[in-house]
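A look at the structure
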Amino acid sequence: MTTDRFTAIEHFAEADAEHLTGRQLAAIRSAAPAFQSWFRALGTCEAVVTCDLIELPYPRRFAMWRAATSPAPFVRIFNRMMVVQYLGAGGERRTLLVEPTEWELAANTPFFARLATTMPDRARDRVVEEHGTVQSHLERLGIAPEDVDEIAFDHLHTQDLRVWLGTTRPQPDLVAVGKARADEPVEPYFPNAKLLVMRDEWEMLPALHPLQASWYQPTTFADLRPDAIEVLDGDTLLGPGVALLRTPGHSLGNHTVVLNTSTGIWTQSENGVHPELYQPERSRIPGVARHAREYGHEVILNANTPELTATQYNNMVKEKLIADHGGPGGDWVQHLCSSELTPWRLAPGCSPSFTFGSITHGTLQRSAST
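If you're wondering where the values come from, they're calculated on a predicted model, not measured in any experiment.

The rules we used
- Residues numbered from 1 in each chain as written.
- Predicted model: local features only at pLDDT ≥ 70, side-chain atom pairs only at ≥ 80, totals over all residues.
- Heavy atoms only, no water.
- Helix = DSSP H or I, 4+ residues; strand = E, 2+ residues; numbered from the N terminus.
- Buried < 20%, exposed > 50% of the residue type's maximum accessible area, 1.4 Å probe, protein only.
- Areas by Shrake-Rupley, 256 points an atom, 1.4 Å probe, with all protein chains shown as cover.
- Lys, Arg positive; Asp, Glu negative; His and termini not counted.
- Charge placed at Lys NZ, Arg CZ, Asp CG, Glu CD.
- Salt bridge = Lys/Arg side-chain N within 4 Å of Asp/Glu carboxyl O.
- Pairing = 2+ DSSP bridges.
- Contact = heavy atoms within 4.5 Å.
- Axes fitted to C-alpha atoms, helices over the stretch in contact; angles between N-to-C directions.
- Parallel < 35°, antiparallel > 145°, perpendicular 65-115°, else oblique.
- Left-handed = near helix turned anticlockwise from the far one by under 90°.
- Nonpolar A, V, L, I, M, F, W, Y, C, P; charged D, E, K, R; others polar.
- Disulfide = S-S within 2.5 Å.
- Phe/Tyr/Trp six-rings, centres within 6.5 Å; stacked < 30°, edge-to-face > 60°.
- Core = buried A, V, L, I, M, F, W, Y, C linked by side-chain atoms within 4.5 Å.

Before going further, it helps to spend a moment on the overall build of the protein chain. Per the secondary structure count, the protein chain includes 13 helices and 17 strands. Each principal axis of the C-alpha distribution contributes one length, and for the protein chain these read about 60 × 50 × 40 Å. With 370 residues in all, the protein chain has 59% of them scored as buried. Surface summary for the protein chain: the accessible area is close to 15,000 Å², and the carbon and sulfur share equals 51%. If you average the places of the 32 positive and of the 45 negative side-chain charges in the protein chain, the two averages end up 7 Å apart.

Take a look at the structure:
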């Protein structure tokens, strides 16, 4: 399940090998400028379009770890998919889906399933807002399922990929909700796509630690088609303008998508829930700037799984140093969070100062069959 289709990136090898987190942070600071210059010089990817999927509640104490002073128990986060096209090693155009969450099945994740039991249907309609499905967005963009080459998630929290990748055995629970046929393996919606996943993220699924277990659906990965999984062993260049960097912390096998576009370099992950939390000293969210000053913190973690807290901090700094700046005033870190804090009237004192909202770069090439 390893790959030789992509190029290994060695810029952060010294930092990855360092087990003392203070020294690791220093090594990241040293390596990031050279990586940024090298990556920029490779050129841009072909096209990027973001697609809004769903807004849903998320505990404030996780989203802005120890920082925000609002009494609101929940904030609301916005999940988006990115459609990325880039040139592969042979010059062929490839289509990558970043965060194509099947949100109906993601709701079965233990944490969100428990939350749903406390929420009557009419309350759900007030706190959850659906914007579109992966399928509807791809139809609108003219991308056929068979033309998707890869899918990637910065980590596998909440994901159930059986519909996307197919299975080797029947899945009765999917039959019951109308997403598979009885007594047959699940046919893949994306028949040619491979999941790109870091080895640590993939190999920990059968033996999750209790700190991780509420956020995964490990049994849904057991019967996935093996030929649809492409395990990566470290920082990887997919093609000009597209890289996946190991950034463990939010999960053991977390990675960050790095994109070079017409608006500069962007990073994408769920290590933080808003670009404002990568520059907390400038935040207008009550409590955040004060927390950063008092503790000398330059980032505020998304800390629902605090197993590698210092490492997550270091990798948020890595993202911060790699990304260019833009947004209001032109000086916000261009980090597009895979789950982004969004204004919500039911979470007073938790609204971000601004939002990037989306990335649009180039023009997606529609599938010939659409």
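If the charged atoms of two oppositely charged side chains come close together, the side chains can form a pair. In total, this model carries 23 salt bridges according to the counting rule given. Of the charged contacts, one joins Asp149 and Arg94 as a salt bridge, the two residues approaching to 3.9 Å between their closest N and O atoms. Of the two residues, Asp149 sits in the loop between helix H7 (134-141) and strand E6 (150-152) while Arg94 sits in strand E4 (residues 93-98), which places them 55 residues apart along the sequence. Relative accessible area serves as the criterion here: at 18%, Asp149 is assigned to the buried category. The exposure class of Arg94 is buried, given its relative accessible area of 14%. For Glu150, the salt bridge goes to Arg94, with nearest N and O atoms at 2.8 Å. Taken together, the residues span a long stretch of sequence, with Glu150 in strand E6 and Arg94 in strand E4 at a distance of 56 residues. The two residues Glu150 and Arg94 agree in class, both being buried. Counted as one network, the salt bridges with shared partners bring together Arg5, Glu92, Arg94, Asp149, Glu150 and Glu230.

This part takes up the sheet that holds strand E15 (residues 335-337). Taking strand neighbours across the sheet as the criterion, the six strands line up as E1-E9-E10-E11-E12-E15 in an open arrangement whose pairing is mixed. Each edge of the open sheet is held by one strand with a lone partner, namely strand E1 (7-8) and E15. Here strand E9 (residues 236-239) pairs with strand E10 (residues 242-246) via three bridges, running antiparallel. Paired with Leu237 across the strands is Ala243, a residue of E10. Docked against the sheet, helix H2 (residues 21-41) engages E9, E10, strand E11 (255-261) and strand E12 (264-269), running at close to 50° with respect to E11.

Turning our attention to the packing of H2 against helix H13 (residues 309-322). At their nearest, the axes of H2 and H13 sit 9 Å apart, and the two run at 20° to each other. On the basis of the axis angle, H2 is roughly parallel to H13. Crossing hand, H2 versus H13: right-handed. Judged by residue contacts, Thr21, Gln24, Leu25, Ile28, Arg29, Ala32, Phe35 and Gln36 of H2 engage Ala310, Thr311, Tyr313, Asn314, Asn315, Val317, Lys318, Leu321 and Ile322 from H13. For the contact of H2 with H13, the residue count by class is nine nonpolar, six polar and two charged.

A separate point is the state of the cysteines. Across all of its chains, the model carries zero disulfides by this definition. Cysteine Cys45 is unpaired, with the sulfur of Cys51 as its nearest cysteine sulfur at 14 Å.

On to the packing of aromatic side chains, then. A ring pair, where both rings are aromatic, is described by two values, the distance of the centres and the angle of the planes. If you walk through the whole model with that rule in mind, you get 17 aromatic pairs. Taken together, a centroid distance of 5.8 Å and an interplanar angle of 75° make the contact between Phe62 and Trp215 edge-to-face. Here the residue Phe62 occupies a position in helix H3 (residues 60-63), and Trp215 occupies one in the loop between helix H11 (210-213) and strand E8 (229-232), the gap between them amounting to 153 residues. Here the two residues Phe62 and Trp215 agree in accessibility, since each one is buried.

Quick look at the nonpolar core now. In terms of nonpolar packing, the biggest core is built from 65 residues, with Met64, Ile151, Leu156, Leu161, Leu165, Leu195 and Trp202 touching the most fellow members. For this core, the element with the highest residue contribution is strand E2 (residues 47-59), accounting for seven residues. Residues contacting Leu165, with those up to four places away along its chain left out, are Ile151, Pro188, Ala193, Leu195, Leu224, Arg225, Ala228 and Ile229.

Burial of E12 is extensive: six of the six residues sit out of reach of the surface. Bridge analysis of E11 against E12 gives five bridges, and the strand direction is antiparallel. Of the residues in E12, the one forming a bridge with Val258 is Thr267. Pairing of E12 with E15 involves three bridges; the strand directions are parallel.

Here Asn314 lies in helix H13. The exposure class of Asn314 is buried, given its relative accessible area of 3%.

So yeah, pure geometry; function would need other evidence.
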